[in-house]
Amino acid sequence: MKITDARVVVTAPGRNFVTLVIETEDGVVGVGDATLNGRELAVASTLTDHIRPLLIGRDARRIEDTWNYLYKGSYWRRGAIAMTAIAAVDMALWDIKGKIAGLPVYELLGGASRDGVLVYGHASGHTFDVLDGSVQKYLDTGYKAIRVQASVPGLDHTYGIAAGSAATYEPASGSLPEEDVWDSALYLDFAPRLVSHVREQFGYGVHLLHDAHHRLTPIEAARLGAQLEPYRMWWLEDPTPAEDQGAFRLIRSHTATPLAVGEIFNSIWDCQQLITERLIDYVRASVTHAGGITHLRRIFALAELYGVRTGSHGATDLSPISLAAALHIDLAVPNFGIQEYMPHPSPAEEVFRTGYRFHDGYLHPGDGPGLGVEFDEVAAARFPYVPRYLPVNRLVDGTVHDW
Ligand code: GCO
Ligand code: MG
């Protein structure tokens, strides 16, 4: 079954998404997500200028061979742009395979290991009052797990807080990134108060998560983890930048608060030490940024050997195709932990018609063949690309800081 076309569509229904559409000589069409927040056009060019010519004429059924051809064949390995491009091809080929078989992708991955995929929602607020309202909304909708973030008093702007009653926090449009000012001392005083407040208001019947967004030093992270222990978090996310995997030994030796890391990882090599030394509890690699279903499965299989569970990134910059692919994997793998879920901003649903469904705190990918997402290219053309950057973080004295 030869590939006859592979085209990239960049569209912004509510936010930017990059989608790869692969067509075959039999008329079966597969779709893959290639969105890399703030670097969308680089992945689009990699796919259009360098990968498309390699795909035309290849057998769409040879997923593993195509993955290795693109990964090993390019000589230059890994990196967010290359791995996101390979991921999009891989997702589209799994979509095609499911459609040929007439089966949802999770059936091809070994079938369902559970009835539904536990998800966590994002509650946030500029004040505790707004945060409480947001938590209550998620509880009323049936969520069993909630990430809690609030503006740090003393800082002008804290990343990850939705404006007003909005459910998402998208980067502002513009030709330059916004710049935030960060102060770890203010944050470290505030974060335990934030979580303690939520426990006082809502008790211990809901799982709580919190994201530190790579901003701490290892010893700061160790202290925060220890202070959060009484509140029995589901996880503390990205306490430090994880390029330094060994730093987690220090954090781990000081705290029993579970740790989740990996939304920016793009290969198994980024988390090899974290997993094999059991330095984390959840690996957050995503299907779009970590090489597609083929590679993410390998990361999760390695994690399974060491008792590390999955907790994939699922913010709105991962398109509905990515979320669908994640749900198929989540449903199938034995060591699933939790899936991040932020419903996509309107009008994404006009462009991506999804088959997944939310019920009582769980998502299910649906039982349609393939990934179960229909991509409407005519609708996509109505929403042209808008340049947007993720913000940049600086310390009070102007030093660029991790974020
Ligand atoms: C999360 C993330 C997001 C990312 C964003 C980057 O845990 O959901 O940290 O807020 O920053 O997805 O593109
Ligand atoms: Mg995060």
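Residues numbered from 1 in each chain as written. Chains lettered and ligands numbered in written order. Predicted model: local features only at pLDDT ≥ 70, side-chain atom pairs only at ≥ 80, totals over all residues. Heavy atoms only, no water.

Asker: Let's hear about the pattern of salt bridges: which residues, and what values?
Answerer: Should their charged atoms come close, side chains of opposite charge can pair. The tally for this structure, following the rule as stated, stands at 20 salt bridges. Between aspartate 270 and arginine 78 there is a salt bridge, with its nearest N and O atoms 3.0 Å apart. A residue pair is termed long-range when its members are at least 10 positions apart, and aspartate 270 in the loop between β9 (259-261) and α9 (272-276) and arginine 78 in the loop between α2 (63-71) and α3 (80-101) qualify at 192 residues. For arginine 78, a relative accessible area of 33% gives the class partly exposed. Between glutamate 277 and arginine 249 there is a salt bridge, with its nearest N and O atoms 2.7 Å apart. (Salt bridge = Lys/Arg side-chain N within 4 Å of Asp/Glu carboxyl O. Helix = DSSP H or I, 4+ residues; strand = E, 2+ residues; numbered from the N terminus. Buried < 20%, exposed > 50% of the residue type's maximum accessible area, 1.4 Å probe, protein only.)

Asker: I'd like to hear about the nonpolar core, residue by residue, with values.
Answerer: Ranked by size, the top nonpolar core spans 122 residues in total, and within it Ile22 and Ile299 carry the most contacts. Both of domain 1 (3-104) and domain 2 (108-367) provide at least three residues apiece to this core. Residues within four places of isoleucine 22 in sequence aside, it is in contact with Ile3, Asp5, Ala6, Val28, Val29, Gly30, Leu55, Val89, Ala92, Leu93 and Ile96. (Core = buried A, V, L, I, M, F, W, Y, C linked by side-chain atoms within 4.5 Å. Domains from an automatic or database assignment. Contact = heavy atoms within 4.5 Å.)

Asker: Before we move on, could you go through the site of ligand 1 and cite the residues and values that matter?
Answerer: Tyr159, Tyr169, Glu263, Asp317 and Glu340 are the nearest of the 15 residues found near ligand 1. Interatomic distance of 2.6 Å between a side-chain N/O atom of aspartate 317 and an oxygen atom of ligand 1. Protein burial of ligand 1: of its 340 Å² of free accessible surface, 94% is covered by the chains. Split by residue class, the shell around ligand 1 holds four nonpolar, four polar and seven charged. (Near = heavy atom within 4 Å. Polar contact = N/O pair within 3.5 Å; in protein donor to acceptor, adjacent residues only side chain to side chain. Areas by Shrake-Rupley, 256 points an atom, 1.4 Å probe, with all protein chains shown as cover. Nonpolar A, V, L, I, M, F, W, Y, C, P; charged D, E, K, R; others polar.)

Asker: Let's hear about the coordination of the magnesium ion (ligand 2): which residues, and what values?
Answerer: With distances of 1.9 to 2.2 Å, the protein atoms coordinating the magnesium ion (ligand 2) are Asp211 (OD), Glu237 (OE) and Glu263 (OE). All donor residues of the magnesium ion (ligand 2) come from one chain, and their arrangement in sequence is D-x25-E-x25-E. One end of the pair, glutamate 237, is in strand β8 (residues 235-237); the other, glutamate 263, is in the loop between β9 and α9, with 26 residues separating them in the sequence. Judged by its relative accessible area of 10%, glutamate 263 is buried. (Donors = N, O, S within 2.8 Å, 3.2 Å for Na, K, Ca; no water.)

Asker: Give a description of the pairing of strand β3 (residues 29-33) that names residues and reports values.
Answerer: Counting buried residues along β3, four of its five residues qualify, which places the element largely inside the surrounding structure. Sheet analysis places strand β2 (residues 17-24) next to β3, joined by five bridges and oriented antiparallel. Bridge assignment links threonine 19 to a residue of β3, and that residue is aspartate 33. Counted between consecutive antiparallel strands, the loop separating β2 from β3 contains four residues, among which glycine 27 sits at a positive phi close to 90°. (Pairing = 2+ DSSP bridges.)

Asker: Could you give an account of the environment of arginine 193, with specific residues and numbers?
Answerer: Relative to the helices and strands, arginine 193 is located in helix α6 (residues 184-202). Expressed as a C-alpha distance, the spacing of arginine 193 and glutamine 227, which sit 34 residues apart in the sequence, is 9.8 Å.

Asker: Now, about helix α5 (residues 128-141): what can you tell me, with residues and values included?
Answerer: A rise of 1.5 Å per residue sets the reference length of α5, with its 14 residues, at 20 Å; its end C-alpha atoms lie 20 Å apart and thus fit the reference within 8%. Taken as a whole, α5 has its buried residues at Leu131, Asp132, Ser134, Val135 and Tyr138. Looking straight down α5, one finds its buried side chains confined to an arc of 165°; they lie on one side. Residues Asp129 and Asp140 are exposed on α5 and point more than 90 degrees away from its buried face. Where α5 is buried, its residues contact β4 (117-125), β5 (145-150) and α6. (Expected span 1.5 Å × (residues − 1). Arc of directions from axis to C-beta.)

Asker: So what's going on with α2? Residues and values would help.
Answerer: Every buried residue belonging to α2 is among Ile63, Thr66, Trp67, Leu70 and Tyr71, and all of these are buried. One side of α2 carries all its buried residues, which in axial view fall inside an arc of 125°. Where the residues of α2 are buried, they touch α1 (40-55), α3 and α10 (292-305).

Asker: Quick rundown of the packing of α1 against α3? Include the residues and the values.
Answerer: Packing of α1 against α3 leaves a shortest axis separation of 9 Å and a crossing angle of 55°. Judged by the inter-axis angle, α1 sits oblique to α3. Judged by the twist between their axes, the crossing of α1 over α3 is right-handed. Facing α1, whose interface residues are Ala42, Val43, Thr46, Leu47, Ile51 and Leu55, α3 presents Ile81, Thr84, Ala85, Ala88 and Val89. When the residues that make up the contact of α1 with α3 are grouped by side-chain class, the tally is nine nonpolar, two polar and no charged. (Axes fitted to C-alpha atoms, helices over the stretch in contact; angles between N-to-C directions. Parallel < 35°, antiparallel > 145°, perpendicular 65-115°, else oblique. Left-handed = near helix turned anticlockwise from the far one by under 90°.)

Asker: Could you give an account of the environment of tyrosine 385, naming the residues involved and the relevant values?
Answerer: Relative to the helices and strands, tyrosine 385 is located in the loop between α13 (377-380) and β17 (392-395). Overall, tyrosine 385 belongs to the partly exposed group, its relative accessible area being 30%. As a C-alpha pair, tyrosine 385 and leucine 41 span 344 residues in sequence and 9.4 Å in three-dimensional space. Leave out the neighbours within four places in its chain, and tyrosine 385 touches Val10, Ala12, Asn16, Glu40 and Leu41.

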